[in-house]
Amino acid sequence: MTTLTILAPQCYEDVQAAICEHGRIFVRGASSKPALAPPSVDGDNAALLDMRGLRGVVEYEPGEFVFTARAGSSLREIAALLAEHGQHLPFDPPLVDQGATLGGTIAAGLSGSGRHRYGGLRDFLIGVRFVDGQGRLVRGGGKVVKNAAGFDLPKLMIGSLGRLGVIVEASFKAFPQPPAYATLRVTQPSLDAALTTIARLNGSNFDLEALDLVFEEERPTLYVRQGGFAAALAERQERLRSWLGGGEPLPEPEEAAFWSAGREFTWAPTTWALVKTPVTLSVLPALDQVLQAAGAQRRYVAGAALAWIAWPGDLGHLDAYLIQLQLGGLVLRGEAEWPFVGVRNGASLIARVKRVLDPFHRFPIL
Amino acid sequence: MNLDGLLSELERRVPADRLLRKSAQLAPYESDALTAFRSRPAAVLLAERQEEVIQAVRLCHRYGVPFVARGSGTSLSGGSLPVENGLVIALNRLNRILRLDPAQRIAVVEPGVINLDVSRAAAPHGLYYAPDPSSQLICTIGGNVAFNSGGAHCLKYGMTVNHVLGLKVVLADGEVVQLGGESLEQVGPDLTGFFVGSEGLFGVALEITLRLLPKPECYRTVLAAYGSLQAAGDAVASVVASGLLPGAMEIMDALAIEAAEAAVQAGYPRDAAALLIVELEGERIQVEAEFAHLMQVIEGSNPKTVAVAKDDADRARIWKGRKSAFSAVGRLSQDYLVQDGVVPRSRLGEALATIERLSQDYGLRVANVFHAGDGNLHPLILFNGRIPGELERAEALAGEIIQMCIALGGSITGEHGVGMEKRQHMPSMFTETDLQVMAELRRALDPDELANRGKMFPQGEAPALHAHGPHPLEAQGVISRM
């Protein structure tokens, strides 16, 4: 075992050359998701590609609401650029303050609380360029918001963890950012009551930007976010409040701070493991029982579509629980040799795809 | 390929009335809504259960016989054209809605379920299924999944792929796999998304988990008339740039207006060169605020007249004109070609001006009825197939429009798919390497290239093109081409 050769590609050709010249390839961005970071040693002829040098926006026409950027660009610089034009990525990609990169966000397949209204990363990524395990520079998708030509290769890159190819460039559609937000905090007597409220909201025609369920000293609490023209917001919030039968509006600085804390996982103890688990309303009672008993902290976001779990103990136990519940997860922080926990479907299809994109096993197994 | 082996196995397993072999029985399956292509399958299996589909796919694999899965045959790209002497697996009878869960806002359906039936089933719960291709009265979810279908309301909530959460599929070599699930989220890779839009080249979807949306509280529908098509296109760019997010933005040109008026008397201004429909949707209070903003943008775009739908009936009338425009234009001419290219929204005015110029250069009438908000053009090229050379001229004009879309940084197809029709344009949009990788992926999932062979990739022999006039269903006004 030797220390990995660290390379910092500056152009797409550098990535192609690095892949062709090395037997094993690992990729890193800002390491904001340490469980997905490469090992420090590996066999001979292994290279670590530090993608942060491959940054910058390639194309951005604000009137078009589409941008193309190199994969090592940080979410922070992208967000700042979009904000200049009143735009944003509404799916609320996490770990912005931790320096997360665009490529890393795609490779990990992460969306945040804001995915509630218009969908997640998969719904906004419209094109990619990546280098596969044979050093081929491949493009999929395009740069327009509607496109049905060819196989949807961008989808393959989502959650591929740099193990099907090295993403070098991505195109996203952006949306107008609501000029103002307002959030209602609604405490709930029990988990069941909270889930019933979420189900009621799901069936209602309130336009909600986000709907998170958190536990404040084990008391289930809903945070319901609305966005739009400031002039209409107070009345909309009041209407929502009366429909819900209560709730307390968050004052301005707290409003932004709450959603930022969610995005950055500042609520999760840093020494604990952090796991993303896709969920549904119906599985939550059973899952929450396990998590509460284990002393885990958790947030159920986007109308209970997604659980963020801060797990205090051995991830093997969580793995076993998730398998029982037929759930799967991705470890973002914590000691894990293999980043997936619980069940995974489509493994045989992934294996077939991997044989095409990585026939020489340069990337880690997926 | 051992066709006799396959057919004798199928005959043993399937009742004779569900395995069509006679020439007259096969004729309706020879083409889909792109009638320019025809090809005769050896047999059509009318599958009734998922197990039969799996079995048929496995038998096709064993005997090396190509197959095409087919729903209602409304593909505009020739996507469900049979393979000559192959098997057609007809899925219309697999039409059960297996589960509808309003609390989780999902529906689990079989592939033969009609698009609009999902919304109908969801309506009592205040929910609907968002993608709304104009053929939604008849097209099936299975076909929508295979071709990633769109519709007028993709602007805000996306195309089919954005509404499919999970799939059970039988791959072309008979393996059955479960992809995604019932959650809006997943742990990657996004195999569900990869399967959607694969044009039937990977296998057949047997069960589809769809996301449902709550019906908006209110709509505001604005109808603006312009003195030129380019002005209407520029107005769309202004609305997009203003930061508003309408549910739909549609444009019709003079020819389309005239035809729609003749067909359904939608009350459109007849002297306009172009009409723009913009529809806002959402919570009433927010929509009213957006409406004030929208009217400012529209007033600034130099319209000739602006009208606002007064009530639901008025709104329905505006949409009726729009949705019937296409088949109405189709009636102006026995033969026409429809294109589906996409251009950046900010270049829309420019693209429309180019199409007008090309129309004059070629001496062929072109009508435009399209999804302007996402830059998805649907130029309808009218021609007379009986005049020698006119079909070829129409095709050349269509080709120039597609090349323009690519040159402007767009796409050769927004929602109809590549199918047979746009195969030859794939190399203009993708490099040889891109196409090579796609072909390798196809073979990884279907080593013998049996599933919907001949589609999407620019290879193989295409059947001869003919001008055949409209699909029988289209002539009856049941389906339309966008």
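Model, not experiment: these values are computed from the prediction.

Colleague: Could you clarify how one ought to interpret the overall build of chain B in this entry?
Modeller: Helix and strand counts for chain B come out as 16 helices and 18 strands. Taken over C-alpha atoms, the radius of gyration comes to 22 Å for chain B, in line with the 23 Å a tight globule of 482 residues would show. Counting only C-alpha atoms, chain B reaches 70 × 60 × 45 Å along its principal axes. Within chain B, the proportion of its 482 residues that are buried is 66%. When contacts within chain B are restricted to residue pairs at least 6 apart in sequence, those whose partners lie at least 24 apart make up 72%. Just so you have it, chain B exposes about 15800 Å², and 49% of that area is on carbon and sulfur atoms.

Colleague: Explain the domain arrangement of chain B here, please?
Modeller: For interface size, the figure often reported is the accessible area lost on association. Residues and elements named next belong to chain B. For chain B, the domain assignment lists domain 1 (97-214) and domain 2 (218-407). On a C-alpha basis, the centroid separation for the pair domain 1 and domain 2 is 28 Å. Buried area between domain 1 and domain 2, both sides added, is near 1000 Å², and the carbon and sulfur share of it is 51%. Its largest share of buried area at the contact with domain 2, domain 1 owes to His153, Leu155 and Lys156, together 60% of the area lost on that side. Counting every contact that joins domain 1 to domain 2 gives two residue pairs in polar contact (both at pLDDT 80 or more). For the side of domain 1 that touches domain 2, the leading source of residues is helix α6 (residues 154-157), giving four residues. Residue composition of the side of domain 1 that touches domain 2, grouped by class: five nonpolar, three polar and two charged.

Colleague: For this particular structure, what's the right way to read the pattern of salt bridges?
Modeller: Between side chains of opposite charge, pairing is possible as soon as their charged atoms come close. All names here are of chain B. Taken as a whole and judged by the stated rule, the model has 55 salt bridges over all chains. Note that glutamate 261 and arginine 270 form a salt bridge whose closest N and O atoms lie 3.7 Å from each other. Classification of arginine 270 as exposed rests on a relative accessible area of 60%.

Colleague: I keep staring at the pairing of strand β9 (residues 125-131) of chain A and nothing clicks. Help me out?
Modeller: The two faces of the sheet receive side chains in turn, since in a regular strand these alternate between them. All names here are of chain A. Most of β9 is tucked away, with six of its seven residues classed as buried. Looking at chain direction, β9 and strand β11 (residues 166-173) are connected through six bridges and run antiparallel. Pairing of arginine 129 across the sheet is with glutamate 169, part of β11. Strand direction decides the pairing type here: β9 and strand β10 (residues 137-141), joined by five bridges, are antiparallel. Each bridged residue has a counterpart across the sheet, and for glycine 127 the counterpart in β10 is glycine 141. Counted between consecutive antiparallel strands, the loop separating β9 from β10 contains five residues, among which glycine 135 sits at a positive phi close to 80 degrees.

Colleague: Looking at this structure, how should I read the sheet that holds strand β2 (residues 43-46) of chain B?
Modeller: Strand pairing within a sheet occurs via backbone hydrogen bonds; the two strands may be parallel or antiparallel. All names here are of chain B. Strand order in the open sheet made by the four strands is β1-β2-β4-β3, with mixed pairing throughout. Of all the strands in the sheet, the pair left with one neighbour each is β1 (19-20) and β3 (67-70). In terms of strand pairing, β1 meets β2 through two bridges, oriented antiparallel. Counterpart to leucine 19 in the pairing with β2 is leucine 45. Seen against the sheet, helix α3 (residues 50-63) touches β2, β3 and β4 (87-90) and runs at an angle of roughly 165 degrees to β4.

Colleague: Help me understand helix α10 (residues 284-293) of chain A, please; the structure alone is not making it clear to me.
Modeller: Side chains of residues three or four places apart in an α-helix project in the same direction, reflecting 3.6 residues per turn. Residue and element names in this part refer to chain A. Among all positions of α10, only Leu284, Leu287, Asp288, Val290 and Leu291 are buried. Here the buried residues of α10 occupy an arc of 160 degrees about the axis, which is enough to place them on one side. Facing away from the buried surface of α10 by more than 90 degrees, the exposed residues are Gln289 and Ala293. Elements that come into contact with the buried residues of α10 comprise α7 (191-202), β14 (210-216), β18 (297-301), β19 (306-311) and α11 (315-324). Looking one or two residues past α10, glycine 295 carries a phi angle of roughly 75 degrees, positive in sign.

Colleague: For this particular structure, what's the right way to read the nonpolar core?
Modeller: Soluble globular proteins: nonpolar side chains tend toward being buried together. Counting 104 residues, the largest nonpolar core has A:Phe172 and B:Leu167 as the members making the most contacts within it. Here B:Leu167 is in contact with B:Val145, B:Val177, B:Gln178, B:Leu179, B:Thr192, B:Phe195, B:Val196, B:Ala205, B:Glu207 and B:Ile208, once residues within four sequence places are set aside.

Colleague: Explanation requested: the interface of chain B and chain A in the structure shown.
Modeller: Listed as interface residues are 90 residues of chain B and, on the opposing side, 78 residues of chain A. In this assembly, chain B packs against chain A so that about 6800 Å² is buried in total across both faces, 58% of it on carbon and sulfur atoms. By the criterion of area lost to chain A, the three top residues of chain B are B:Glu185, B:Glu283 and B:Ile285, representing 11% of everything that side buries. Along the contact surface separating chain B from chain A lie twelve salt bridges. The closest approach of N and O atoms between A:Arg239 and B:Glu283, which form a salt bridge, is 3.4 Å. Linking chain B with chain A are 39 residue pairs in polar contact (both at pLDDT 80 or more). Of all the elements in the fold, those that place two or more residues in the side of chain B that touches chain A are α6, β8 (164-171), β9 (176-180), α7 (191-195), α8 (229-241), α10 (284-299), α14 (426-429) and α15 (432-445) of chain B. A per-element tally of the side of chain B that touches chain A places α15(B) first, with ten residues. For the side of chain B that touches chain A, the per-class residue count stands at 42 nonpolar, 30 polar and 18 charged.

Colleague: Explain the packing of α7(A) against helix α8 (residues 230-244) of chain A here, please?
Modeller: Helices that pack against each other are described as a pair by the angle of their axes relative to one another and the distance between those axes. Residues and elements named next belong to chain A. Contact geometry of α7 with α8 gives a least axis separation of 12 Å together with a crossing angle of 130 degrees. With respect to α8, the axis of α7 lies oblique. Seen from above, α7 lies across α8 with right-handed handedness. Contact with α7, carried on its side by Thr197, Arg200 and Leu201, involves Leu240, Trp243 and Leu244 of α8 and no other residues of that element. By residue class, the composition of the contact of α7 with α8 is four nonpolar, one polar and one charged.

Colleague: I'm lost on the environment of B:Pro15 in this one. Help?
Modeller: All names here are of chain B. For proline 15, the position within the fold is in the loop between α1 (3-13) and β1. Residue proline 15 is classed as partly exposed on the basis of its relative accessible area of 39%. Residues proline 15 and glycine 373, 358 residues apart in the sequence, show an inter-C-alpha distance of 49 Å.

Colleague: For this particular structure, what's the right way to read the domain arrangement of chain A?
Modeller: Residues and elements named next belong to chain A. The domain boundaries assigned to chain A delineate domain 1 (2-51), domain 2 (53-176), domain 3 (180-264) and domain 4 (273-342). Here the C-alpha centroids of domain 1 and domain 4 sit 29 Å apart. The interface is formed by four residues belonging to domain 1 together with seven residues belonging to domain 4. Carbon and sulfur atoms supply 73% of the area that domain 1 and domain 4 bury against each other, a total of about 400 Å² over both sides. Applying the counting rule to domain 1 against domain 4 returns zero salt bridges. There are one residue pair in polar contact (both at pLDDT 80 or more) connecting domain 1 and domain 4. Of the residues that constitute the side of domain 1 that touches domain 4, the class distribution is three nonpolar, no polar and one charged.

The rules behind the values
- Residues numbered from 1 in each chain as written.
- Chains lettered and ligands numbered in written order.
- Predicted model: local features only at pLDDT ≥ 70, side-chain atom pairs only at ≥ 80, totals over all residues.
- Heavy atoms only, no water.
- Helix = DSSP H or I, 4+ residues; strand = E, 2+ residues; numbered from the N terminus.
- Rg over C-alpha atoms; globule rule 2.2 N^0.38 Å.
- Buried < 20%, exposed > 50% of the residue type's maximum accessible area, 1.4 Å probe, protein only.
- Contact = heavy atoms within 4.5 Å.
- Areas by Shrake-Rupley, 256 points an atom, 1.4 Å probe, with all protein chains shown as cover.
- Domains from an automatic or database assignment.
- Buried area = accessible area lost by both parts, 1.4 Å probe.
- Polar contact = N/O pair within 3.5 Å; in protein donor to acceptor, adjacent residues only side chain to side chain.
- Nonpolar A, V, L, I, M, F, W, Y, C, P; charged D, E, K, R; others polar.
- Salt bridge = Lys/Arg side-chain N within 4 Å of Asp/Glu carboxyl O.
- Pairing = 2+ DSSP bridges.
- Axes fitted to C-alpha atoms, helices over the stretch in contact; angles between N-to-C directions.
- Arc of directions from axis to C-beta.
- Core = buried A, V, L, I, M, F, W, Y, C linked by side-chain atoms within 4.5 Å.
- Parallel < 35°, antiparallel > 145°, perpendicular 65-115°, else oblique.
- Left-handed = near helix turned anticlockwise from the far one by under 90°.

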